[in-house]
Amino acid sequence: MTADSPNPAVEPDNVQAVVDSPADVDTGSSVGLDPTVDPDPGIDPSSSMWTSRLRRAWMSKLPPDELLPDRQPAYVASWIYVFGVLTLAAFLVILVTGLVLAFAGPAWYHTSSPGLFTNSLHFWSVQLFFVFMVVHLWGKFWMAAWRGRRAMTWITGVVAFLASIGTAFTGYLVQTNFDSQWISFEAKDGLNAVGIGAFFNVANLGQMLLLHACLLPLVVGVIAVWHVLLVRSRGVVPPIDTVDTEFSVTPADGASATEVRP
Amino acid sequence: MTTRTADRAPAAKRADIASREWKGPWRRYDIVKEGVIALVVVSILTVLLAGLFSSPDEPPLTFQGWATSAPDNFYATAVQELAGTSTSAGYGPPYNTAADGISVGPLAPQQRFGVTHPVDAANDFVITPLRSQLQSADVTDALATWDSASSDQQTAWATDYDTALTDADGDATKVADGDYGPVPVLAQGLTDMASAGALDGILMSQGVFYQTDFTKQILFLGDGSYLDDAATAAHLQGNTWGMMNETGSYPGQAWLWLYSFWYQIPQFNSDNPDDYLTSHADAIIFYIMAVLSLVLLLLPFIPGLRSIPRWIPIHRLIWRDFYRTQPKS
């Protein structure tokens, strides 16, 4: 290795391993290195490459210690915080059980014991999902969790809630049992009355299955990821009308405490 | 270096705490461990609930079941399909042009989008299924007579017979004499076909090998009282919170409670179907729910509503441990 070569990958002996073909190598050069070849692409912090820009934007908005933090503000100490992650956990169980049901089909889950049990897992995970999600939603409402430029976090949460209702609704329509028959018969009138029924046909099993097993879970999943990333990047909203150590408290003896802001 | 006290901190500064990085105390928080534990707990809970309570799965109704358990009702419904007096035949968009559909003020989207799932009740539910199978001589003759008659004649036969059958309380043996053409034979032929189980398969295939659209079956099934009676017995009717109920004693779509709530209000659920709010309930309630969903979505921007959490201090309960360490501001 030469003293002025910071990277063993661009050692003259290694150049041919990183260029496209022998024709790219300037054999007239003393080191055989084409001057147009960037000796160490990817370490330029001001690179205009799209990939570099995306990485820089991501790292500035959401560095790893914020994406996967191992600490939280002291006020994040309530059972209410558990319901968000419980909702995500239930969503995962729904996805797995739903995948099995969709893969095996109605003839399996209507007639076999394993099929009925899987259907039951799907059913109860959906019930748990909504219990957790509604508690999470109410919790965030009473915490006024949209404060401090967190409105989009609230909005994505509400959209995920509404999309989940749509996903569950189409799920009831694709059960292929009496419940599906009745719900599609009843629901068509409300949807037809506002024109939605012209395109969204609750009696079309193929369309409902596509929506329930693919499109709507994808929508819920993408919005949920967006929601979580917003929570991670904005941080957990602090308690209403609280102060942090930027303004220290007056000790009981009346002496002024020293402010800790640098 | 400056010196300040908490109760002298400007309100604007306190509010700004939500917008900037927290500068107070921190605690260890293993987010990955929390997620894994949550997944394990939810999985165990789900398995326990599924193992203990199973899940609802009432078999679907069939045309065979309808025609064998309530043959008179099936027969009368077949006559209504031929006469064009069934709910489906007179529905309007998106199935046909027999009605305009619901409009609320200037909003008439049902009419605007027109017929996108065409349904011809007489032909799709009665004539085509009869024609698709080898029939007895009298049904074959009746089909030929029906085919050779004008549309007006077909309608006259069917409506006259529908009226006579209604006058006879649905008992075909007590219908007054009259010129009903082939209608009684066609209706009986379809009832026999359904009783034998053939109609379920014919309606499902609809003349093609593959299909996933059950619109016609659902509409036909709903035209009689069979589906409605079954839903009433299962407490699934809309005016009894049926939208959030489930067959058996299982929880249903409880998250639709607010949608279902509006249908329990007498003005949306009166005995007189001609009352404006009752006859337009489906559209009006949908619009109400759309507005309420928008309010929920935009809550952070709505003065007054966004201050409710401050006025009703449930947050003091949520963060009670933290507030104990905080000065009153």
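Note that the structure is predicted; figures quoted are calculated from it, not measured.

Draft legend 1. Molecular detail of the interface of chain B and chain A. Between chain B and chain A, the contact holds 89 residues from the first and 89 residues from the second. A total of 13 residues in the side of chain B that touches chain A trace back to one element, the largest contributor, which is helix α2 (residues 31–53) of chain B. In the side of chain B that touches chain A, the residues fall into 50 nonpolar, 23 polar and 16 charged. Alignment of strand β1 (residues 71–73) of chain A against strand β1 (residues 26–28) of chain B, held across 3 bridges, turns out to be antiparallel.

Draft legend 2. Molecular detail of the domain arrangement of chain B. Examined at the domain level, chain B breaks down into domain 1 (6–54 + 298–324) and domain 2 (63–233). If you average the C-alpha positions of domain 1 of chain B and of domain 2 of chain B, the two centres end up 57 Å apart.

Draft legend 3. Focus on unusual backbone geometry. Residues and elements named next belong to chain B. Residue Pro-93 is joined to Pro-94 through a cis peptide bond whose omega torsion reads 10 degrees. Its identity as a non-glycine residue notwithstanding, Ser-54 has a phi of 55 degrees, on the positive side. Relative to the assigned elements, Ser-54 resides in the loop between α2 and α3 (63–69).

Draft legend 4. Expanded view of helix α9 (residues 183–195) of chain B. Residue and element names in this part refer to chain B. With 13 residues, α9 extends 18 Å between its outermost C-alpha atoms, agreeing within 8% with the 18 Å of an ideal straight helix rising 1.5 Å per residue. What α9 keeps buried is the set Val-183, Val-185, Leu-186, Ala-187, Gly-189, Leu-190, Thr-191, Met-193 and Ala-194. Along its buried surface, α9 packs onto α3, α4 (71–83), α6 (121–131), α7 (137–148), α8 (151–167) and α10 (198–205). Once α9 ends, the next one or two residues include Gly-197, with phi positive near 95 degrees.

Draft legend 5. Region of interest: the packing of helix α4 (residues 82–104) of chain A against α2(B). Contact pair α4(A) / α2(B): the axes reach a minimum separation of 8 Å and the direction vectors enclose 55 degrees. When the axes of α4(A) and α2(B) are compared, the pair comes out oblique. The crossing of α4(A) and α2(B) is right-handed. Here Val85(A), Leu86(A), Ala89(A), Ala90(A), Leu92(A) and Val93(A) of α4(A) come into contact with α2(B), specifically with Glu34(B), Gly35(B), Ala38(B), Leu39(B), Val42(B), Ser43(B) and Thr46(B). For the contact of α4(A) with α2(B), a count of residues per class yields 9 nonpolar, 3 polar and 1 charged.

Draft legend 6. Focus on the packing of helix α7 (residues 151–173) of chain A against helix α9 (residues 205–234) of chain A. Residue and element names in this part refer to chain A. Their axes nearest at 9 Å, the elements α7 and α9 cross at an angle of 160 degrees. As the angle between them shows, α7 and α9 are arranged roughly antiparallel. Once α7 is placed against α9, the crossing between them reads as left-handed. Its residues placed into classes, the contact of α7 with α9 shows 16 nonpolar, 10 polar and 1 charged.

Draft legend 7. Spotlight on the environment of Val158(A). Its place among the elements puts Val158(A) in helix α7. What makes Val158(A) buried here is the crowd of 20 C-beta atoms within 10 Å. Once the C-alpha coordinates of Val158(A) and Leu210(A) are considered, the two residues, 52 residues apart in sequence, prove to be 23 Å apart. When neighbours within four sequence positions are excluded, Val158(A) is seen to be in contact with Leu296(B) and Leu297(B).

Draft legend 8. Representation of the domain arrangement of chain A in the model. All names here are of chain A. Parsing chain A into structural domains produces domain 1 (82–143) and domain 2 (145–236). Averaged C-alpha coordinates put domain 1 and domain 2 at centres separated by 14 Å. Listed by partner, the interface residues are 11 residues for domain 1 and 11 residues for domain 2. Going through the elements one at a time, α4 and α6 (113–142) are the ones with two or more residues in the side of domain 1 that touches domain 2. A total of 5 residues in the side of domain 1 that touches domain 2 trace back to one element, the largest contributor, which is α4.

Draft legend 9. Summary view of the confidence of the model for chain B. Residues and elements named next belong to chain B. Residues at a pLDDT of 70 or more form 95% of chain B, whose mean pLDDT is 91. Considering only residues more than four positions removed or in separate chains, one finds that residues 1–9, a stretch of pLDDT under 50, has 22 contacts. For this predicted complex, the interface score ipTM comes out at 0.91, while the overall pTM is 0.85.

Draft legend 10. The arrangement of α4(A) in detail. An ideal rise of 1.5 Å per residue puts 33 Å on 23 residues; α4(A) measures up with 33 Å between its terminal C-alpha atoms. Looking at the residues trailing α4(A), positive phi occurs at Gly105(A), about 90 degrees.

Rules and cut-offs
Residues numbered from 1 in each chain as written. Chains lettered and ligands numbered in written order. Predicted model: local features only at pLDDT ≥ 70, side-chain atom pairs only at ≥ 80, totals over all residues. Contact = placed C-beta atoms within 7 Å. Helix = DSSP H or I, 4+ residues; strand = E, 2+ residues; numbered from the N terminus. Nonpolar A, V, L, I, M, F, W, Y, C, P; charged D, E, K, R; others polar. Pairing = 2+ DSSP bridges. Domains from an automatic or database assignment. Expected span 1.5 Å × (residues − 1). Buried ≥ 20, exposed ≤ 12 C-beta atoms within 10 Å, placed from the backbone. Axes fitted to C-alpha atoms, helices over the stretch in contact; angles between N-to-C directions. Parallel < 35°, antiparallel > 145°, perpendicular 65-115°, else oblique. Left-handed = near helix turned anticlockwise from the far one by under 90°. pLDDT = per-residue confidence, 0-100.

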